[in-house]
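# Analysis of the macromolecular model
Here's the letter readout for the chains.
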Amino acid sequence: SSWFVYGDCDLPAREDSICNPKGFYSITKKCAEDLLIDFCRTYKVKYRILRMPNVVGGFDPKASPKKNAIHYLIDELKNNNDITLYNNGEIIKDIMHVDDVCRGINRVINEGEFNTIYNIGSGQKTTLGDIIRTAKHFLNSESKILTKNAVTQDMFLDSSKLRRLGFQPQISQTEIIRELCTN
């Protein structure tokens, strides 16, 4: 699943936070989790639900403003195209490198409890503006960063349950941004 299931909730979002998803995509994510839990309880099947942060890293040739926006915006900076950030880039995100996400998933598979939910996240709040300004600096981009007001949602995950399994991300946010600038 993804962080979208939380919707409007207190931050950082914890696995036991009351989910209040907004929008079709978010509601279907939460519905899928509920269906899985009901099925597993009915047929006595063990499960684990994993909720992901904004997963970044590697190369995404299909990045767009709506799918993998961070990759897309950095690609625009590489091409010196002007970009627009909502709310002056003050949107809070929880980003994590795909390799760390895979390590987190592996840790839950090997050591996590059954019939529970885990947030796979960095637990760090980062603004989209900080990410983009750092990338612009690394790239020496001539892009202008414009701003537009919009209704947006902040999100970062409480990943303390994952941390109790001994997991720590290995790739810093600066390293993530630097990689995105070089791919």
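Look up: the structure comes first, before these words.
A brief structural summary. Predicted model, so just to flag it, every value in this text is computed and none were measured. Note that residues are indexed from 1 along each chain, following the sequence as it is written. Two thresholds apply to this predicted model, a pLDDT of at least 70 for residue-level local features and 80 or more for giving and counting side-chain atom pairs, whereas whole-chain, interface and lining totals are computed over all residues. Only hydrogens and water are set aside when side-chain values are computed; all heavy atoms of the structure are taken into account.

Burial of nonpolar side chains together is a common tendency in soluble globular proteins. Grouped together as the largest cluster of nonpolar side chains are 16 residues, with contacts concentrated most on Ile-70, Ile-74 and Ile-132. Of all the secondary structure elements, the ones that give two or more residues to this core are α2 (69-78), β3 (83-86), α4 (128-139) and α6 (173-182). Should any heavy atoms of two residues lie within 4.5 Å, those residues are counted as being in contact. Beyond its immediate stretch of four places on either side in the chain, Ile-74 contacts Ile-131, Ile-132, Ala-135, Leu-139, Leu-180 and Cys-181. What makes a nonpolar core is a set of buried Ala, Val, Leu, Ile, Met, Phe, Trp, Tyr and Cys residues whose side-chain atoms join them at distances within 4.5 Å. Residue burial is assigned from relative accessible area. The probe radius is 1.4 Å, only protein chains are included, and a residue is buried under 20% of its type maximum, exposed over 50%, and partly exposed in between. In terms of nonpolar packing, the next biggest core, distinct from the first, is built from 10 residues, Met-96, Val-101, Tyr-118 and Leu-162 among them. Here a strand is any run of E in DSSP of at least two residues, a helix any run of H or I of at least four, and the numbering for each starts at the N terminus.

A few words on the pattern of salt bridges. Every case where a carboxyl oxygen of Asp or Glu lies within 4 Å of a side-chain nitrogen of Lys or Arg is listed as a salt bridge. Scanning the model with the defined rule gives seven salt bridges in all. Between Asp-16 and Arg-14 there is a salt bridge, and its shortest N-O distance comes to 2.6 Å. On the basis of relative accessible area, Asp-16 is assigned to the exposed category, the value being 54%. Asp-75 serves as the salt-bridge partner of Lys-78, at 3.4 Å between the closest nitrogen and oxygen. Taken together, the positions of Lys-78 and Asp-75, both in helix α2 and three residues apart, correspond to about one turn of that helix. Using a relative accessible area of 26% as the deciding quantity, one classes Lys-78 as partly exposed. Taking the relative accessible area as the measure of exposure, Asp-75 reaches 27% and is therefore partly exposed.

Now for the packing of α2 against α4. Running from N to C, α2 and α4 point in directions that differ by 30 degrees, and their axes come no closer than 10 Å. Put simply, α2 runs roughly parallel to α4. With respect to the hand of their crossing, α2 and α4 are arranged in right-handed fashion. Residue-level inspection shows Ile-70, Leu-73, Ile-74, Leu-77 and Lys-78 of α2 in contact with α4, the latter providing Leu-128, Ile-131, Ile-132, Ala-135, Lys-136 and Leu-139. Helix axes are fitted to C-alpha atoms over the stretch in contact, other axes to C-alpha atoms as well, and angles between N-to-C directions run from 0 to 180 degrees. What sets the label is the angle itself: under 35 degrees gives roughly parallel, over 145 gives roughly antiparallel, 65 to 115 gives roughly perpendicular, and the rest give oblique. Crossing handedness is read from the near helix: turned anticlockwise from the far helix by less than a right angle, it gives a left-handed crossing, and turned clockwise, a right-handed one.

Here the residue pair Leu-11 and Pro-12 is connected by a cis peptide bond, since its omega of 0 degrees sits within 30 degrees of zero. Checked against the element boundaries, Pro-12 lands in the segment before α1 (24-42).

Turning our eyes to something else, we now look at the packing of aromatic side chains. How two aromatic rings sit relative to each other is given by the distance of their centres and the angle of their planes. Between 30 and 60 degrees the pair is tilted, below 30 it is stacked and above 60 it is edge-to-face, where a pair is any two Phe, Tyr or Trp rings, Trp via its six-membered ring, whose centres lie within 6.5 Å. Throughout the structure, instances matching the rule amount to three aromatic pairs. Consider the rings of Phe-4 and Tyr-25, whose centres lie 5.1 Å apart with planes at 90 degrees: the pair is edge-to-face. One end of the pair, Phe-4, is in the segment before α1; the other, Tyr-25, is in helix α1, and 21 residues separate them in sequence. Phe-4 sits in the partly exposed class, given a relative accessible area of 30%. For Tyr-25, a relative accessible area of 46% corresponds to the partly exposed category. Put simply, the rings of Trp-3, Phe-4 and Tyr-25 pair up and form one aromatic cluster. Charges are assigned to positions over rings by a cutoff of 6 Å between ring centre and Lys NZ or Arg CZ, combined with an angular limit of 35 degrees from the ring normal. Between Lys-46 and the ring centre of Phe-114, over which it is positioned, the NZ or CZ distance is 4.8 Å.

Now for α6. Gln-173, Ile-176, Ile-177, Leu-180 and Cys-181 are the residues of α6 that are buried. Buried residues in α6, looked at end-on, bunch into an arc of 135 degrees, giving them a common side. Where the residues of α6 are buried, they touch β2 (54-56), α2, β5 (95-97), β7 (126-127) and α4. Think of the arc as the fan of directions from the helix axis to the C-beta atoms.

The subject of this paragraph is α1. Taking 1.5 Å per residue, 19 residues should reach 27 Å; α1 reaches 26 Å between its end C-alpha atoms and fits that length. Buried within α1 we find Ser-26, Lys-30, Glu-33, Ile-37 and Cys-40. Looking straight down α1, one finds its buried side chains confined to an arc of 95 degrees; they lie on one side. What points out from α1, more than 90 degrees from its buried face, is the exposed set Phe-24, Leu-35 and Thr-42. Considering only its buried residues, α1 is in contact with β1 (48-51). Phi turns positive one or two residues past the end of α1, at Lys-44, with a value near 55 degrees. The length a helix should cover is 1.5 Å for every residue beyond the first.

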